[in-house]
Amino acid sequence: MAQDQASVDQEAEKLRQQLNQWGREYYVLDQPTVEDAVYDQTYRKLQKLEQKHPELITADSPTQRVGGQILTGFTKVNHDNPMLSLGDVFSKDELRAFIERLDRNVEQTVAFNCELKIDGLAISLTYENGVFVKGSTRGNGTVGEDITQNLKTIKAIPLRLTEPVSVEVRGECYMPKESFVNLNKYREEQGLPVFANPRNAAAGSLRQLDSKVTAARNLSTFIYYLMEPEKFDVTTQSAALEKMRQWGFKTNTDSRLATNMEQVDQYIDDYQAKRTELAYEIDGIVLKADPFSVQADLGNTVKVPRWAIAYKFPPDEQETVVRDIEWTV
Ligand code: NAD
């Protein structure tokens, strides 16, 4: 029997409220109360309901906006080019369908740069004549927070590049597993609430009004986006990573080019197996169309690029659900 309109309305409202609450705990308080997989499933449920009943989409629906909110205490930064999220898939079948659709749309077999999906938070770094001048969080995608002073304490972020270029790059700030374990051990000893995962610990550590606290937290970065690559005669994502490495950024060297699903499949299997050995958390892999010309042809939706996708690993059974912890950072 078809659901009547009132009960569909009610269900959508319930899902929205639930997701918005979890989103606030996750993005604003850095203290999630449910596992990501639970959030993702609920998000998909709302997405499907909205697809079936587009009249239900409201401005406050979590499907309509990118990530976080802006905290008070930091100067706001406008992102001239929005900092988007990534579309995601949870099975290899969906991934294959994505690749096939993309190839069809651009009428060619596209090379993909396969990258690890680092479980941290997105940052933007601006350099003028090779000097680091501004760093910010993604925030809600169009407005982020100025965290320059805190980012300056991270040793992986070069304060001066090897060439006097003016450039914006973006990447992931993360807390290595070892630092996370040590931090939580310390917090437990001190009777402080522990962080649910390294991503939330990294987010909490970056949003400190006292940069000495950030400095003590041992954060690191992997840089993966070069903005306005045409200025530097760079035409592919893989070449952009190489260029940024030469300038002095820390990039992840575990990326690999793939031209078909079999190679992508292999990459996923390789890194799913190596996942526990890595010094940092990953929650999946990211596929990016390698040629910038293809990226430009496909463009972005308001929320995600059409030329990239995240494949999320199945949830880790050993993850524990952290509930009811107070928010103190
Ligand atoms: P996301 O983390 O799923 O993916 C997008 C992000 O991936 C980018 O913004 C970037 O920061 C990161 N990334 C890592 N490696 C990358 C690479 N190599 N190239 C490009 N980007 C890379 O999306 P999101 O919008 O940041 O967060 C949404 C996710 O957050 C949800 O899917 C859910 O799992 C989680 N979440 C959980 C809760 C909860 O309560 N547990 C609440 C809200 C959101």
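Note that the coordinates shown come from a computational prediction; the quantities given were computed from them, not determined experimentally.

Novice: Kindly report on the overall build of the protein, identifying the contributing residues and their values.
Specialist: In terms of helices and strands, the protein carries 10 helices and 11 strands. Taking 2.2 N^0.38 as the reference for a compact globule, 329 residues should give roughly 20 Å; the C-alpha atoms of the protein span a radius of gyration of 20 Å, in line with that estimate. In terms of its C-alpha atoms, the protein occupies a principal-axis envelope of roughly 65 × 60 × 40 Å. Here the protein holds 329 residues, and the buried ones make up 50% of them. Of the roughly 16600 Å² of accessible surface on the protein, a fraction of 48% belongs to carbon and sulfur atoms. Charge separation in the protein, taken as the distance between the mean sites of 39 positive and 50 negative side-chain charges, equals 3 Å.

Novice: So what about the nonpolar core? Which residues, and what values?
Specialist: Leu125, Leu151, Val167, Leu206, Leu226, Trp247 and Phe249 are the most contacted members of the largest nonpolar core, which has 38 residues in total. Only strand E4 (121-128), strand E7 (167-174), helix H5 (177-189), helix H6 (198-206), strand E8 (220-226) and helix H8 (237-247) provide two or more residues apiece to this core. Top element by residues in this core is E4. It accounts for five residues. Discounting chain neighbours no more than four positions away, the residues touching Val167 are Leu125, Thr126, Tyr127, Leu161, Leu226, Met227, Phe232 and Trp247. By size, the runner-up hydrophobic cluster in this structure holds 32 residues, among which are Val264, Tyr271, Leu278 and Phe313.

Novice: Break down the pattern of salt bridges for me, citing the residues and quoting the values.
Specialist: Under the criterion given, the structure shown has 17 salt bridges. For Asp265, the salt bridge goes to Lys92, with nearest N and O atoms at 2.7 Å. Here the residue Asp265 occupies a position in helix H9 (residues 261-274), and Lys92 occupies one in helix H3 (residues 92-106), the gap between them amounting to 173 residues. The salt bridge partner of Glu145 is Arg207, with a shortest N-O separation of 3.7 Å. You can see Glu145 sitting in strand E6 (residues 143-145) and its partner Arg207 sitting in the loop between H6 and helix H7 (211-215), a full 62 residues away along the chain. The buried category is assigned to Glu145, whose relative accessible area is 1%.

Novice: An account of the sheet that holds E4 is needed here, citing residue identities and associated values.
Specialist: The strand order across the open sheet built from four strands is E5-E4-E7-E8, with neighbouring strands paired in antiparallel fashion. The open sheet terminates on both sides in strands that have one partner only, identified here as strand E5 (131-137) and E8. Ignoring strand direction, the axes of neighbouring strands in this sheet form an average angle of 30°. When E4 meets E5, the two strands line up antiparallel, connected through six bridges. Bridging across to E5, Thr126 finds its partner in Lys134. This element, H6, spans E4 and E7 of the sheet and lies at about 40° to E4. In the packing of H8 onto the sheet, the strands contacted are E7 and E8, and the crossing angle to E8 comes to about 130°.

Novice: Requested: an account of the side chain of Asp40, with residues and values cited.
Specialist: For Asp40, the position within the fold is in helix H2 (residues 36-52). When its relative accessible area of 13% is taken as the criterion, Asp40 is described as buried. Excluding residues that lie within four positions of it along the chain, Asp40 makes contacts with Phe90 and Lys312.

Conventions adopted
Residues numbered from 1 in each chain as written. Predicted model: local features only at pLDDT ≥ 70, side-chain atom pairs only at ≥ 80, totals over all residues. Heavy atoms only, no water. Helix = DSSP H or I, 4+ residues; strand = E, 2+ residues; numbered from the N terminus. Rg over C-alpha atoms; globule rule 2.2 N^0.38 Å. Buried < 20%, exposed > 50% of the residue type's maximum accessible area, 1.4 Å probe, protein only. Areas by Shrake-Rupley, 256 points an atom, 1.4 Å probe, with all protein chains shown as cover. Lys, Arg positive; Asp, Glu negative; His and termini not counted. Charge placed at Lys NZ, Arg CZ, Asp CG, Glu CD. Core = buried A, V, L, I, M, F, W, Y, C linked by side-chain atoms within 4.5 Å. Contact = heavy atoms within 4.5 Å. Salt bridge = Lys/Arg side-chain N within 4 Å of Asp/Glu carboxyl O. Pairing = 2+ DSSP bridges. Axes fitted to C-alpha atoms, helices over the stretch in contact; angles between N-to-C directions.

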